[in-house]
Amino acid sequence: MRASGWRRTAALLAVSALVAVGCSSDDGDAGDDPTDGGTDVAMDLPADVQAIADSGTLRVGVKYDQPLFGVNTPSGVIGFDAEVARIIASHIWPGDNPDDHIEFTEAVSANREPFLQDDRVDIVVATYTINEARDEVIDFAGPYYVAGQDIMVPKGNPNGITGIDDLNTADYTTCSVDGSTSIDNFNEMAPDGETITFDTYSKCAEAMNDGRADAVTTDNVILI
């Protein structure tokens, strides 16, 4: 069950250098199609992207425990973010199977900027909110998805939590993730609230299920 939350913009893709990954137009003309008559057409790539193309591999940081966005399965990484990475790869190597060129690495909220800064990955596609502090150290492409921050509570909502104000007390414990904008937003809006944090949201869900937390807060699509 969800309690009411608040809205914010989430950009889910970050890159280690400014990379043009596509364009759109209001009139939706044929120029939006990377192919011409079914024939693969090579694109003029920026220098940084050309270096990736020459290497043959796009190194992608993605969440491994985010159903709908990034989940590591025996058959590979699946989800919305993973598919965005595959779309990018299909523009770098048109006509090839994107999975032949992608190397996925698990990224959690706290290590997304370090992975980019340390050249561990080329791009991060991992439920990645745009904000000014992050924009100082890495470059964003997007946003390509807009989400609202929300609150998840146990089935039946036993504590009757209806919004952020109800959590602005030490009587309840709210869980979120280290290095996320969600915990920063919560601390700003509920300064008297009690919090616990982990490196992944799946651990927050476990904490709520076993009674260590009364609520979980992050983007609504993650909570779903």
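Below is a summary of the structure that appears in this document. A quick note: this is a predicted structure, and the numbers were derived from the prediction, not measured. (Residues numbered from 1 in each chain as written. Predicted model: local features only at pLDDT ≥ 70, side-chain atom pairs only at ≥ 80, totals over all residues. Heavy atoms only, no water.)

### Digging into the overall build of the chain
- Looking only at helices and strands, the chain has 7 helices and 15 strands in total.
- For the chain, the residues scored as buried account for 45% of the 224 residues in total.
- Contacts in the chain between residues far apart in sequence, at least 24 positions, make up 68% of those at least 6 positions apart. (Helix = DSSP H or I, 4+ residues; strand = E, 2+ residues; numbered from the N terminus. Buried < 20%, exposed > 50% of the residue type's maximum accessible area, 1.4 Å probe, protein only. Contact = heavy atoms within 4.5 Å.)

### Let's talk about the packing of aromatic side chains
- Summed over all chains, the structure comprises 5 aromatic pairs.
- Ring geometry for Phe69 against Tyr145: centres 5.4 Å apart, planes inclined by 80 degrees, an arrangement best described as edge-to-face. Within this pair, whereas Phe69 is found in the loop between β6 (65-66) and β7 (70-73), its partner Tyr145 is found in the loop between β11 (139-140) and β12 (148-152), the two being separated by 76 residues in sequence.
- Assessed through its relative accessible area of 3%, Phe69 is described here as buried.
- Between Tyr128 and Phe140, the ring centres sit 5.3 Å apart and the planes meet at 70 degrees, which makes this aromatic pair edge-to-face. Separated by 12 residues along the polypeptide, Tyr128 in the loop between β10 (123-125) and α4 (132-135) and Phe140 in strand β11 bring together distant segments of the chain. As far as burial versus exposure is concerned, Tyr128 and Phe140 are alike and both buried.
- An aromatic cluster is built from Phe69, Phe80, Tyr144 and Tyr145, whose rings are joined through pairwise contacts. (Phe/Tyr/Trp six-rings, centres within 6.5 Å; stacked < 30°, edge-to-face > 60°.)

### Considering the environment of Asp171
- The topology assignment puts Asp171 in the loop between β12 and β13 (173-177).
- Asp171 sits in the exposed class, given a relative accessible area of 63%.
- For Asp171 and Asp214, which are 43 residues apart along the polypeptide, the C-alpha to C-alpha distance reads 9.4 Å.

### Re the pattern of salt bridges
- For the structure shown, the criterion picks out 7 salt bridges.
- Of the charged contacts in the structure, one is a salt bridge between Arg59 and Asp119, with a shortest N-O distance of 2.7 Å. Here Arg59 is found in strand β5 (residues 58-62), whereas its partner Asp119 is found in the loop between α3 (112-117) and β10, with 60 residues between them in sequence.
- When its relative accessible area of 46% is taken as the criterion, Asp119 is described as partly exposed. (Salt bridge = Lys/Arg side-chain N within 4 Å of Asp/Glu carboxyl O.)

### Some words on unusual backbone geometry
- In this structure, Pro143 follows Gly142 across a cis peptide bond, with omega equal to 10 degrees.
- Note that Pro143 resides in the loop between β11 and β12.
- Of note, Asp119 is a non-glycine position whose phi angle comes to about 60 degrees, a positive value.
- The phi torsion at Asn157 lies on the positive side, around 45 degrees, for a residue other than glycine.
- Locating Asn157 in the fold gives a position in the loop between β12 and β13.
- The class of Asn157 is buried, set by a relative accessible area of 11%.

### Quick notes on helix α1 (residues 47-55)
- Taken as a whole, α1 has its buried residues at Val49, Ile52 and Ala53. In an axial view of α1, the angular spread of the buried residues amounts to 100 degrees, which keeps them on one side of the axis. Across α1 from its buried face, at more than 90 degrees, point the exposed residues Ala47 and Asp54.
- For α1, the secondary structure elements touched by its buried residues are β5 and α2 (80-92).
- Remark: Gly56 follows α1 within two positions and exhibits a positive phi of approximately 85 degrees. (Arc of directions from axis to C-beta.)

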